[in-house]
Amino acid sequence: MLKATLRSFLAHKGRLMLSALAVLLSVAFVAGSLIFSDTVTRTFDRLFASTAADVTISPRQDLTSRVPSGATATLPAALADRVAEVDGVAATHVDTVVENITVVDRKNDPVGPTTGAPTIARNWYVTDRSPVELTSGHAPRGAGEALLDADTARHKHVRIGDTLTVLARPGSFPVRVVGIATFTTTNPGAALVFLDTPTAQTRLLGGTGLATAVSVDAAPGVDDARLKQRIAAELHSSAYDLKTASEQAKSDTDRLGAFLDVIKYVMLGFAGIAVLVGVFLIVNTFSMLIAQRTRELGLLRALGADRRQVRRSVLTEALLLGLVGSTLGLAAGIGLAAGLIRLMSAFGMNIRSTEMVIGWATPVAAYVVGVGVTFVAAYLPARRAAGVSPMAALTDAEVAGAGRPLKVRAVAGGVVGALGLAALAGCAGATKTASAASFLGLGVVLTLVATVIAGPLLVRPVIRVLGGAFPALFGSIGRMSQRNALRNPRRTGATASALMVGLALVGGMSVASASMSASFDQQIDKTLGADFVVQNTNFQPFPEEVTGKIRATDGVGLVVRQRFAPVAVRLPDGKRVETTAAGYDQPLDDVAHITYAQGDTAAALADGALAMDVKFAKEHGVRVGSTVPVQFPAGRHTELRVRALTDQGGSGGYGMRGGLFFGMATLQKSLPTGQDSALYVNAAPGTPKDRLRSRLAATLDAYPQVQVRDQADYKKLVHDQIAVLLYLVYALLGLAIVIAVLGVVNTLALSVVERTREIGLLRAIGLARRQLRRMIRLESVVIAVFGAVLGLALGLVWGVCTQQVLALQGMKALAVPWGTMVAVVVGSAVVGVVAALLPALRASRMNVLAAIAHE
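Here's what I pulled together on the structure shown here. (Residues numbered from 1 in each chain as written. Predicted model: local features only at pLDDT ≥ 70, side-chain atom pairs only at ≥ 80, totals over all residues. Heavy atoms only, no water.)

**Topic: the pairing of strand S6 (residues 119-123)**
Inference 1: For S6, the buried fraction is high: 4 of the 5 residues fall into the buried class.
Inference 2: Pairing of strand S4 (residues 97-98) with S6, which is carried by 2 bridges, proceeds in the antiparallel orientation. Opposite Val98, over in S6, you have Ala121 as the bridge partner.
Inference 3: As paired strands, S6 and strand S11 (residues 191-195) are joined by 5 bridges and run parallel to one another. Paired with Arg122 across the two strands is Phe194, which belongs to S11. (Buried < 20%, exposed > 50% of the residue type's maximum accessible area, 1.4 Å probe, protein only. Helix = DSSP H or I, 4+ residues; strand = E, 2+ residues; numbered from the N terminus. Pairing = 2+ DSSP bridges.)

Written out as structure tokens, the structure reads:
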């Protein structure tokens, strides 16, 4: 049996290679993501471990916020002298490190990364842990001199002697590049500008008595943990956070982990799609191979092979396929990881391919995924093979099982589908986002499973409609192609399911993204009343001097500032909620339209007052007049009285739970170092908007990170951000389509082999080669369009239910991108044509007499 199995596998290796490609793709994404994340993690672990001080003292960060406030946490620089007296301290260094800056050249072009990595300004001093070394020029000596890292200098063509302008919170100032510093470790992709310590303190923080951290070097033989204890005993303050070198390295790695997790999960998403679609391909391939080998399997049974041996034979073939696909996928995953590393280098993160890490978990995961998926997918066909009767050796029915009733599928699909629809109905009726999202996830899984199970039941009614015009358009060729697609509903359903999965995903996400865009458009139209919004390109805060120059621009009538602050509020129900609050100037009603359930803007922005979303307030027992304790950064606490409740249709934006806002005066008392995040600008009476816009743009020429936008620009910005999510979905769709094409090619190729005698007879009675190719292409097209119709119908239901979840967050508009839907159906027909090219060509080249004599 083993010898027969190996010969059977080698005899069908050409047909099985397409299935092996599906295994290869899924394994490649799993292995590639693991190798890439392990390599980057290991690289940065070394970087952080080699550059962290023995003990680092920094201001305690009690609050976290996804929305930047522009405030820089500081501590007294004199702390370094005090710590230097602690027993076991060899040296202390004042650190002045600021990330929320912009550096521009003489042409006002940014000098720094544009890919999301920060531009960092810091003070220059040298230790044996410095990540850079001075390789040309000299160190900065006083105000007006700076060092630049070598990678940034090379990419931006900056040389020693060039003048740059640093835009920091206290104000902008010019510096002359007097030296170049080269990374001795991995360059994390940031741009580094070094100033001497007094200049950095004054220009970046606003005073020489401030620092962002203190780095401590331990004396020889002194343990980091022991030294940390001694320093903590000396300081006796909860305002500082002390970390040893290992703790600081872990903290830095954890911050980097969020970035790595995004890449890892995206790649694992690709792997999941590849696995899911590949299952259909493998099941279909083995099912067809077993149907074609009915006589062969019957002969084995007649010669004495029992059911277990036949089942084991088929599973052994699947195991061999999984091993081949996993091995090739692991190799492809290594290549994919190398490509990602090169891509990161293009973005400025210089990681060496020679340092690639392939841990033991990577090949284990690769083979578990590849072999496991193949084995599971082949199990049902293997059981079917074990059921072949010895009498099948005497029959001529190669397609045994094609006409078996679908009652079991109908019952199972109906039950699972009913449960899925019930879950989606629960999603539509839920009043809380968490429960609605849970119902949505359950409903998506169940309806997908139900559609896959019941797919063959839909083949005959749907394909009769989709291919109804074929006889009229293509005559007998069209009729035969339609009947070929109807011949085996199980096969057609499984082939179309591979394409259906990807199209259901893209359909659902297209509806969700279109609804989000429409909702944001409505929200912008409803709430934004300003002529223009001045905002940073990446929503980071900008220096105060920008606000001053905007106010001084000719034609500007009204300017209302917006600032953000991380806060924690203690609510009457006892809960402590960390969120982000906003501060505004008093004339807010002139630039924004806010709907209030109680109170008004004047009350909300009064000194010591707070506004809150009415839904959030009801959830936590807050009423107008309630006093709420509020914690700000740096341990500042105050009590604010709720004076207004808003009803804007949601509880706040991303990271801004509760919709909290107050007056600028209230904010500045508790967060005096904050920066403006946006300016809402109205034109002065008599000033045309177009003219004011050109003047504002001219004012902002010196600040390339800041843009002026009107309502149309704001909408486009939101649409572009949503489009990033769609691009990911389209990439997933592309992968699904690639595997689905492999599935259609495999199905048609095996179908051509199955119908060899039939094709020979058709050719013998006069069917031309061109007609034969057309018949196979039409069959492929109708199967692909069938999958598209099922997928888009399912995706439309998912998208509508997703919009119901979004509505609980205030995004209530429902929009269906019909143009995208039509384009997908047309594209599916094209996919069908492409998938049929090779099988059709092979069929047309058959020898007529050999085909008729085929057994």
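Next, the rest of the story.
**Here's the deal with empty space enclosed by the protein**
Inference 1: Taken as a whole and judged by the stated rule, the model has 1 cavity of 30 Å³ or more.
Inference 2: Considered as a void within the structure, the largest cavity measures approximately 80 Å³ in volume.
Inference 3: In terms of lining residues, the largest cavity is bounded by Asn484, Ala485, Arg487, Asn488, Arg491, Thr492, Thr747, Ser751, Arg755, Glu779 and Ile783.
Inference 4: Residue classes in the lining of the largest cavity are distributed as 2 nonpolar, 5 polar and 4 charged. (1 Å grid on protein atoms, 1.4 Å probe; cavity = no way out; pocket = protein on both sides within 12 Å on 5 of 7 lines; lining within 4 Å. Points joined across faces, edges and corners; volume = space filled by probe spheres on them. Nonpolar A, V, L, I, M, F, W, Y, C, P; charged D, E, K, R; others polar.)

**Points about the side chain of Arg763**
Inference 1: Looking at where Arg763 falls in the secondary structure, it is placed in helix H22 (residues 756-764).
Inference 2: Put simply, Arg763 is tucked away with no salt bridge, and the nearest opposite charge, on Glu758, sits 13 Å away.
Inference 3: Residues contacting Arg763, with those up to four places away along its chain left out, are Ala768, Arg769, Leu772 and Val848. (Lys, Arg positive; Asp, Glu negative; His and termini not counted. Salt bridge = Lys/Arg side-chain N within 4 Å of Asp/Glu carboxyl O. Contact = heavy atoms within 4.5 Å.)

**Details of the nonpolar core**
Inference 1: With 62 residues, the main nonpolar core has Val277, Ile463, Leu503, Ile739, Leu772 and Ile776 as its most contacted residues.
Inference 2: Element by element, the count of residues in this core is highest for helix H23 (residues 769-807), at 13 residues.
Inference 3: Beyond its immediate sequence surroundings of up to four residues, Leu772 is in contact with Ile759, Arg763, Leu767, Ala843 and Ser844.
Inference 4: Core analysis: the second largest hydrophobic core is formed by 27 residues, Val67, Phe564, Ala644 and Ala678 among them. (Core = buried A, V, L, I, M, F, W, Y, C linked by side-chain atoms within 4.5 Å.)

**Some details on the packing of aromatic side chains**
Inference 1: Evaluated as defined, the whole model comprises 4 aromatic pairs.
Inference 2: Centre to centre, the rings of Trp124 and Phe194 are 5.1 Å apart; their planes meet at 80°, and the pair counts as edge-to-face. Of this pair, Trp124 sits in the loop between S6 and strand S7 (132-137) while Phe194 sits in strand S11; the two residues are 70 residues apart in sequence, bridging distant segments of the chain.
Inference 3: A relative accessible area of 14% means that Trp124 is categorised as buried.
Inference 4: Owing to a relative accessible area of 4%, Phe194 belongs among the buried residues under this scheme.
Inference 5: Geometrically, the ring pair formed by Phe470 and Phe474 is edge-to-face, given 5.8 Å between the ring centres and 80° between the ring planes. Residue Phe470 and its partner Phe474 are both found in helix H13 (residues 470-474); the two are separated by 4 residues, about one turn of the helix.
Inference 6: Overall, the relative accessible area of 11% leaves Phe470 in the buried class. (Phe/Tyr/Trp six-rings, centres within 6.5 Å; stacked < 30°, edge-to-face > 60°.)

**Some thoughts on the pairing of strand S9 (residues 163-168)**
Inference 1: Strand direction decides the pairing type here: strand S5 (residues 102-104) and S9, joined by 3 bridges, are antiparallel. Looking at S9, one finds that Thr102 is bridged to Leu167.
Inference 2: Taken together, the 6 bridges between S9 and strand S10 (residues 171-183) define a ladder with antiparallel strand orientation. Bridge assignment links Leu164 to a residue of S10, and that residue is Val175.
Inference 3: If you look at the hairpin formed by S9 and S10, you'll find 2 residues sitting between the two strands.

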